[in-house]
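Observations on chain architecture
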Amino acid sequence: MPLIPYALTRPFLFGFDPEAAHDLTLGAIARTQNTPAQCLWATPRIDDPVVVAGLGFPNRVGLAAGLDKNGRCIDGLGAMGFGFIEVGTVTPKGQPGNPKPRMFRIPERQALINRLGFNNEGLESFLANVQRARSFRAGGGVLGLNIGKNAATPIERAADDYLLGLAGVYPHADYVTVNISSPNTQNLRALQSDAALDLLLSVLMERRAELAREHGRLVPLFVKIAPDLEPAQVELIAATLAKNGVDGVIATNTTVARDAVQGLRHAAETGGLSGAPVFEASNRVIRLLRGVLPAGFPIVGVGGVMSGADARAKLEAGADLVQIYTGLIYRGPEIVGEAAQAMQGFVRR
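This structure is a prediction, so every number in the text was calculated from the model and none was measured.

**Quick notes on the packing of aromatic side chains**
- Under the counting rule described, the total for this entry stands at 5 aromatic pairs.
- Note on Phe12 and Phe16: the rings are 5.2 Å apart at their centroids and 80° apart in plane angle, and the pair reads as edge-to-face.
- With relative accessibility at 34%, the residue Phe16 sits in the partly exposed group.
- Following the ring pairs from residue to residue traces out a cluster consisting of Phe57, Phe84, Tyr175 and Phe222.
- The ring centre of Phe14 lies 4.7 Å from the NZ or CZ of Arg10, which sits over that ring.
- Between Arg105 and the ring centre of Phe14, over which it is positioned, the NZ or CZ distance is 4.3 Å.

Okay, structure coming up:
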């Protein structure tokens, strides 16, 4: 257990604007990770090893991309007991993202809305941070690096940005995630359409093969998709992933739907809704994917995991691994161990 219970810390953090609280927390972790002060939030890792996409994960619980966009806190966040950490989304060039305010809490539904817009310091700074991390990976943790396109890059040139990102992160990643599902970069979700996705993935997989020869190792490539997809769209995406030899899929990103928060303060804000309201939508996509993907195709389930039971439900829906983001903000580090324990020894029937 952390020395300071999160229940005591949360009221203080929730007294700040959500993005200010986020920056304050990450700044503190970045400064004190790998020091004795890390015991304030560190939690022993639950041992539940599993092999997915050829990688050995010490347990099934991961941190979703978006919380640590610049990869500053890999060791500190890893000390919470995660089996894997995904950082980013990083774009080739640094960009400020969308105007503030751009993050909103809906505590009545354990939810967040964000329209951050891939705000990050760019690939060079990101890679410097990744290379400074040491204890998480030395202890067996798996690191995923999540890539996206710059807002200023026209959608028809999106592949250029993804190719730059892939080449940059490849030597430093255990796996790479291609983010085509954020609702906060104009037209990005259009890349999930059949022809656009097929073209993008064919180019990326060709480049991945070149990088594998260059670096002497094959780094798995995952694709992150949205929850706001019709069954026919999910089937097309699944077929395109399998056809191109992609190694896994992350389901799902945030939703643009507002049914579950209708009438509540901030519900009308634009952006992606995360937390408890996206749980069922995410599980629906996971079930659809598991039903149409080849047997054993890796699925990472993310969206609305607020408890150990929620994490296990993702596995029962068809996921192999689970990621957490908003649950960490509402529940604190204790959710990591709770989720890992709930999934320990899971065997799909």
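**A closer look at the pairing of strand 13 (residues 272–275)**
- Both faces of strand 13 are covered, namely the face carrying Gly272 and Ser274 and the face carrying Leu273 and Gly275.
- Here strand 7 (residues 111–114) runs beside strand 13; their pairing, made up of 4 bridges, is antiparallel. The residue of strand 13 that forms the bridge with Ala111 is Gly275.

**Things to note about the nonpolar core**
- Counting residues in hydrophobic clusters, the biggest one holds 94 residues, and the most contacted among them are Tyr162, Val169, Val178, Ile225, Leu289 and Leu328.
- If you tally residues by element for this core, the top one is helix 7 (residues 194–215), at 7 residues.
- Ignoring sequence-local partners within four residues, the contact set of Leu328 consists of Tyr6, Leu63, Leu67, Met80, Phe82, Pro333, Ile335 and Val336.

**A word on the side chain of Arg208**
- Mapped onto the elements of the fold, Arg208 is located in helix 7.
- Take Arg208: its relative accessible area is 6%, and that puts it in the buried class.
- Other than its neighbours up to four places away in sequence, Arg208 contacts Leu166, Tyr170, Leu218, Val219, Pro220, Leu221, Gly245 and Asp247.

**Thoughts on the sheet that holds strand 14 (residues 299–302)**
- As summarised here, the arrangement of the 8 strands in space is 3-4-9-10-11-12-14-15, forming a closed barrel in which the pairing is parallel. Each strand of the sheet is rotated relative to its neighbour by a mean of 25°, with strand direction disregarded.
- Contacts from helix 10 (residues 308–317) reach strand 14 and strand 15 (321–324), with the element oriented near 140° to strand 15.

**Side note on the pattern of salt bridges**
- Tallying each qualifying case throughout the model produces 13 salt bridges.
- In this structure, Arg115 and Glu269 form a salt bridge, with 2.9 Å as the shortest nitrogen-oxygen distance. Highlighted residues: Arg115 in the loop between strand 7 and strand 8 (120–122) and Glu269 in the loop between strand 12 (248–251) and strand 13, separated in sequence by 154 residues.
- A relative accessible area of 17% places Arg115 in the buried class.

**Structural notes on the sheet that holds strand 7**
- Pairing within the open sheet is antiparallel, and its 3 strands lie in the order 6-7-13. Every other strand in the sheet has two partners, leaving strand 6 (103–106) and strand 13 as the edge strands with one partner each. Pairs of neighbouring strands in the sheet enclose a mean axial angle of 20°, with direction left out of account.
- Two strands pair when backbone bridges link them, and strand 6 and strand 7 are joined in this way by 4 bridges, in the antiparallel orientation. Considered in strand 7, the bridge of Arg105 is made with Leu112.

What counts and what doesn't
Residues numbered from 1 in each chain as written. Predicted model: local features only at pLDDT ≥ 70, side-chain atom pairs only at ≥ 80, totals over all residues. Heavy atoms only, no water. Phe/Tyr/Trp six-rings, centres within 6.5 Å; stacked < 30°, edge-to-face > 60°. Buried < 20%, exposed > 50% of the residue type's maximum accessible area, 1.4 Å probe, protein only. Lys NZ or Arg CZ within 6 Å of the ring centre and 35° of its normal. Helix = DSSP H or I, 4+ residues; strand = E, 2+ residues; numbered from the N terminus. Pairing = 2+ DSSP bridges. Core = buried A, V, L, I, M, F, W, Y, C linked by side-chain atoms within 4.5 Å. Contact = heavy atoms within 4.5 Å. Axes fitted to C-alpha atoms, helices over the stretch in contact; angles between N-to-C directions. Salt bridge = Lys/Arg side-chain N within 4 Å of Asp/Glu carboxyl O.

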